[in-house]
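This is what each chain is made of:
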Amino acid sequence: MLKENIKERCLFGTDGVRDLANQGMMTPEMALRLGRAYIRYLVESGIPRPRIVVGRDTRKSGMMLESALSSGMASAGAEVLLLGVIPTPGVSFAIQNLAAEGGAVISASHNPAEYNGIKFLDGQGFKLSDNAEITIEDIFGDSFTDEWRPGGASIGGIRRIPNMLENYAKRIASLSEYGENLPPSMVFDCAHGAAASVMPILLKEIGASFSLIGAESNGLNINESVGVMYIEHLVKNVINNKYSVGVAYDGDADRVLMVDSLGRIIDGDIMLWVLGRWLAAKGGLGSGVVATVMSNRVLEEKLAEDGIQLFRCPVGDRYVLEKMKESEACLGGEQSGHIVVFPYTNTGDGLFTTFLFLKACNALDENIDTLADRFKPYPQQLKNIKLAAGITVEREFIQNATAEAELRLEGRGRVLIRNSGTEPLLRLFVEAADEELMKKTMLYLMDIFRVYAKE
C-alpha cells in the first residue's frame, strides 16, 4: 500500500524533471533509473504489467533519453509504446486511444535546446499529482529499486506505434468541427518543436491552406527566436504579411498565444474570457473558470460582468487541473497560454485551443481585432533573477519581502514571488492599478533579491 506523502518534491518541478541534457538528472543513467522508478510506482499501485506510451519533442537529446527511459521501463516489466515526435497533449490522447496505463513525455517545453525534461502522465492522460511524484522520488532513491529486476517472460518490451499523429490530428479537427468559418489568412509559428510534426497534417485534415513558420526543426533550434517565448517574431510576421491572425506554440505545443491583425497579443486571459462566455452560453462551463494567481485582475472583472465566477490557484497547469476538479469547473488555464477544456482535453493543448477559440469567436460574433481594446489589463511586470548554482531563496525571506512590497502598494495591487519549478530562477511579479507604482515596487524587489543573483 502506497503511503500518503506530505513532504515537498526535490527532483520534480512544476512540469516534471528538467536539467541540461546529458548532465545532472538528464543523463541516460538517470533517465533509466527514473523510468524504473515510475514503473515500480505503478506496479505498487496495483498495475502489474503497465502499458506506457512515450512521446518527445524535436531536441537532439530526445532520442538518447527516449532510449534510456524506455529501457528502464522495460527493465521494470512495462510494455513501452513509442510515438516519436508528438505534442504533449498528443501523448495524453494516445494514452486513452491505446488504453494505456500511463505515459511519459521527453521535453523541456519552452526551454532552450540544451535542456530536456521528463514528465509522467497517469492512465487518464492527466499529469501526476504532487504526492505521486514524491512517491516516485522515494522509489528513485531506494537502492532496492536497482535490485528489483523481473526476468524471463516478465521483462517488458518496446515497440513503435505508427499513425498516432494522424489520429491526434483527426481528433482535434473533429472537436473543432473541422475549422469551420476560419479567418481568411493565418500563420502558425511552430517553434521548431512538436507542433511542426502535426500542423501540416492538421491543416490538411481541416481543409485549410495557411502559412507555417518555425517549422524546420534540426534538433538544436527549438524555441530559438521563435514560438511563444519570442512572440515579437510572430507580431512582425503578421504585420509585414498582413495576416488576419497569427498563432504561436511552445516546444511541446501545450501552450498557445495569438496575435491579431494589428499585432496585439491575445494571451491566455483573453482566451479564457472568450471561451468562458461561449461555454456559459452553451451550458457547458460548469461552476466557472479557473485561472492562476498570475492572471490579470481584469479577467475576474470581465467574467463577473457575465455572472461567471473565477477560481484562483497556484502557478502550473497541474494546479489548474486540480482546482478544476475540486470546483467542478470545465474551463481553466494560465495567462501564458495553457488552456484545458473538460471533457475534451486532460492537459493543456495549444492546437485544440487555437481552433476552439476561433470557433467561440465566430459563435459569439466577436471581431478578434477588438478583443485587446476591450480587455484593458492592469499594468503587470514579471522579472526573473537568475540564481547561483544550487541556490533556492528561503520561504521566510520571500514572505517578508512580499509583505513589505504589498505595504508599498497600499492595497492597490498584488505581489507574487516564487522559485521557478523548471529553471534556476526567482520569479518576481507585480500588478498595480498605477504603472509608476508598479515599476517602483519592482525596483525595490530587484534590489533586495540582488544578493541571490548569479554573478
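Residues numbered from 1 in each chain as written. Predicted model: local features only at pLDDT ≥ 70, side-chain atom pairs only at ≥ 80, totals over all residues. Heavy atoms only, no water.

On to the nonpolar core, then. Counting residues in hydrophobic clusters, the biggest one holds 69 residues, and the most contacted among them are V53, F188, L202, M258, L331, L351 and F357. Ignoring anything within four residues of it in the chain, the contact list for V53 reads L81, L83, V91, A94, I95, L98, A100, G102, G103 and A104. With 30 residues, the next largest nonpolar core counts I39, V54, V80 and L128 among its residues. (Core = buried A, V, L, I, M, F, W, Y, C linked by side-chain atoms within 4.5 Å. Buried < 20%, exposed > 50% of the residue type's maximum accessible area, 1.4 Å probe, protein only. Contact = heavy atoms within 4.5 Å.)

This next bit is on the side chain of N237. Mapped onto the elements of the fold, N237 is located in helix α8 (residues 231-241). Not counting residues within four places of it along the chain, the set of residues in contact with N237 comprises V187, I213 and Y243. (Helix = DSSP H or I, 4+ residues; strand = E, 2+ residues; numbered from the N terminus.)

The element strand β9 (residues 245-249) is largely enclosed, with a buried count of five among its five residues. On β9, burial covers both faces: V245, V247 and Y249 on one face and G246 and A248 on the other are all buried. By the bridge criterion, four bridges tie strand β7 (residues 186-189) to β9 in an arrangement that is parallel. Opposite D189, over in β9, you have A248 as the bridge partner. Pairing of β9 with strand β10 (residues 256-260), which is carried by five bridges, proceeds in the antiparallel orientation. (Pairing = 2+ DSSP bridges.)

This brings us to the confidence of the model for the protein. Confidence in the prediction of the protein, expressed as mean pLDDT, is 93, and 96% of residues score 70 or more. Predicted confidence for residues 1-6 stays below pLDDT 50, and this span has 11 contacts to residues more than four positions away or in other chains. (pLDDT = per-residue confidence, 0-100.)

Time to look at the environment of F140. Secondary-structure assignment places F140 in helix α4 (residues 130-140). F140 sits 105 residues away from G35 along the chain, and the two C-alpha atoms are 9.0 Å apart. Apart from the residues within four sequence positions on either side, F140 is in contact with L11, M25, M30, R33, L34 and A37.

Glancing now at the sheet that holds strand β14 (residues 331-333). The strand order across the open sheet built from four strands is β13-β12-β14-β15, with neighbouring strands paired in mixed fashion. Single-partner strands in this sheet number two, and they are β13 (310-313) and β15 (339-341). Neighbouring strand axes in the sheet, compared pairwise and without regard to direction, differ in orientation by 20° on average. When strand β12 (residues 289-292) meets β14, the two strands line up parallel, connected through three bridges. (Axes fitted to C-alpha atoms, helices over the stretch in contact; angles between N-to-C directions.)

Turning next to helix α6 (residues 164-175). With 12 residues, α6 extends 17 Å from end C-alpha to end C-alpha; this agrees with the ideal 16 Å at 1.5 Å per step. Among the residues of α6, M164, L165, Y168, A169, I172, A173 and L175 are the ones counted as buried. Each element contacted by the buried residues of α6 is listed here: β3 (79-85), α3 (88-97), α7 (195-206) and α12 (350-363). (Expected span 1.5 Å × (residues − 1).)

Where α6 meets α7, the closest approach of the two axes is 9 Å, and the angle between their N-to-C directions is 50°. Taken together, the axis directions place α6 and α7 in an arrangement best described as oblique. Crossing of α6 over α7 shows right-handed handedness. Residues L165, E166, Y168, A169, K170, I172 and A173 of α6 form the contact with α7, whose own contacting residues are S197, V198, I201, L202, E205 and I206. Classifying every residue of the contact of α6 with α7 gives nine nonpolar, one polar and three charged. (Parallel < 35°, antiparallel > 145°, perpendicular 65-115°, else oblique. Left-handed = near helix turned anticlockwise from the far one by under 90°. Nonpolar A, V, L, I, M, F, W, Y, C, P; charged D, E, K, R; others polar.)

To continue, consider the environment of T422. Mapped onto the elements of the fold, T422 is located in the loop between β17 (413-419) and β18 (425-432). For the pair T422 and S71, spaced 351 residues apart in sequence, the C-alpha separation works out to 25 Å. Among residues more than four places away in sequence, those in contact with T422 are T14, D15, R18, H110, N111 and R427.

On to the pattern of salt bridges. Within the structure shown, the criterion is met by 24 salt bridges. Note that K127 is salt-bridged to D317, the shortest N-O span being 2.8 Å. Taken as a pair, K127 in the loop between β5 (115-121) and α4 and D317 in helix α11 (residues 317-327) lie far apart in primary sequence, 190 residues in all. The exposure class of D317 is buried, given its relative accessible area of 4%. In this structure, the salt-bridge partner of E300 is R312, at a minimum N-O distance of 3.4 Å. With a gap of 12 residues between them, E300 in helix α10 (residues 297-305) and R312 in strand β13 connect regions that are remote in the sequence. If you follow the salt bridges from partner to partner, you end up with D15, R18, K119, K127, D252, D254 and D317 in one network. (Salt bridge = Lys/Arg side-chain N within 4 Å of Asp/Glu carboxyl O.)

Turning our attention to unusual backbone geometry. In terms of backbone geometry, most residues other than glycine have negative phi values and most peptide bonds are trans. The peptide bond linking F342 to P343 adopts the cis configuration, its omega dihedral lying at 0°. Phi is positive for A253, close to 60°, though the residue is something other than glycine. Its location among the elements puts A253 in the loop between β9 and β10. The phi dihedral of D365 falls on the positive side, at around 55°, and the residue is not glycine. Within the fold, D365 resides in the loop between α12 and α13 (368-374).

Below, the discussion takes up the packing of aromatic side chains. All told, the structure shown has 11 aromatic pairs when counted by the stated rule. Centroid distance F188 to F210: 6.2 Å. Interplanar angle 40°. Geometry classified as tilted. Remark: F210 occurs in the loop between α7 and β8 (211-213) and F188 occurs in strand β7; sequence separation between them is 22 residues. Comparing F188 with F210 shows no difference in burial state: the two are buried. Between F397 and F449 the ring centres are 5.3 Å apart and the planes differ by 75°, which places this aromatic pair in the edge-to-face class. Residue F397 is found in helix α14 (residues 395-409), and its partner F449 is found in the segment after α15 (435-448); the two are separated by 52 residues along the sequence. Connected via pairs of aromatic rings, a cluster forms that spans F12, Y38 and F120. Between the NZ or CZ atom of R277 and the centre of the ring of W273, over which it lies, the distance is 4.3 Å. (Phe/Tyr/Trp six-rings, centres within 6.5 Å; stacked < 30°, edge-to-face > 60°. Lys NZ or Arg CZ within 6 Å of the ring centre and 35° of its normal.)

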